[in-house]
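Here is how the chains run, residue by residue.
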Amino acid sequence: MARRLVEALGHDVARYISFDSYYRDLSNLTIEERAAFNFDHPDSLDVELLVSHLEALRADTEVAVPVYDFTTHTRSADIQIVEPAPFIVIEGILLFAFEQIRDQLDYLIFRDCPEAVRAERRFKRDVRERGRTPESVREQWETTVQPMHEIYVEPFARFAHRVTTHGVEELDDILPAIAEAVRRGEPLTTA
């Protein structure tokens, strides 16, 4: 949804940042310790760095966003330069759990997805893109992903200016209106 919103706003005026880029570097841990780490808990993310980047972008200064290697659970030596723009679109399932991040954002949009959809997406992504085994993905889902969702994701939807629902509101139908409201600085309304 976030990438599609950048497209709707226009790449000339909008930039994209993923909160997943801000996972803490675990290179100081053994491979076994990294594998056991709870990446679905808010402590797994470098909130201070993201907040400092948001402040810099507001001050018209480019930032060097880390590039996270999900196969090794470390930050790579690469960075992604993000230049200031009128609109910075940030995505991440744990964004709303941090007041200091919410305070930096003008619009908060929560995409509500059924558990089965979230599980299927996570399974496909982690096996295909992150080199995990199907068994490890299932175990992680049961032990950390779903429990953390119930504690740190779902309850924070209450802070959203707009909640959209997967399977009810198609992105093609709602994104033009959301983009137009954001462009005009208008409040977001439910369709």
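A short tour of the structure in this document, coming up. (Residues numbered from 1 in each chain as written. Predicted model: local features only at pLDDT ≥ 70, side-chain atom pairs only at ≥ 80, totals over all residues. Heavy atoms only, no water.)

## Focus: the pattern of salt bridges
For the coordinates displayed, the defined rule picks out 15 salt bridges. With its nearest N and O atoms 3.7 Å apart, the salt bridge here joins Arg58 to Asp106. Taken together, the residues Arg58 in helix H3 (residues 47–58) and Asp106 in the loop between helix H4 (99–102) and strand E5 (109–112) connect sequence positions 48 residues apart. You'll find Arg58 and Asp106 in the same group, each marked exposed. Note that Arg184 and Glu180 form a salt bridge whose closest N and O atoms lie 2.5 Å from each other. Of this pair, Arg184 and Glu180 are both found in helix H7 (residues 171–184), four residues apart, which corresponds to roughly one turn of the helix. (Salt bridge = Lys/Arg side-chain N within 4 Å of Asp/Glu carboxyl O. Helix = DSSP H or I, 4+ residues; strand = E, 2+ residues; numbered from the N terminus. Buried < 20%, exposed > 50% of the residue type's maximum accessible area, 1.4 Å probe, protein only.)

## Side note on helix H1 (residues 2–9)
Inspection of H1 places Ala2, Leu5, Val6 and Leu9 among the buried residues, and these make up the whole buried set. Down the axis of H1, the buried set is contained in an arc of 105 degrees. They therefore lie on one face. Residues of H1 that are exposed and angled more than 90 degrees away from the buried face: Arg3 and Glu7. Those residues of H1 hidden inside the fold are in contact with strand E1 (14–18), strand E4 (87–91), E5 and H7. Just past H1, the residue Gly10 takes up positive phi, approximately 110 degrees. (Arc of directions from axis to C-beta. Contact = heavy atoms within 4.5 Å.)

## Things to note about the packing of aromatic side chains
Enumeration over the complete set of coordinates arrives at nine aromatic pairs. Ring centres of Phe19 and Tyr22 lie 6.5 Å apart, and the angle between their planes is 45 degrees; this geometry places the pair in the tilted category. Centre to centre, the rings of Tyr23 and Tyr68 are 5.5 Å apart; their planes meet at 50 degrees, and the pair counts as tilted. Of this pair, Tyr23 sits in the loop between E1 and helix H2 (31–36) while Tyr68 is found in strand E2 (residues 63–69), placing the two residues 45 residues apart along the sequence. No difference in accessibility class separates Tyr23 from Tyr68, as the two residues are buried. (Phe/Tyr/Trp six-rings, centres within 6.5 Å; stacked < 30°, edge-to-face > 60°.)

Shape is all these values report; function is a separate question.
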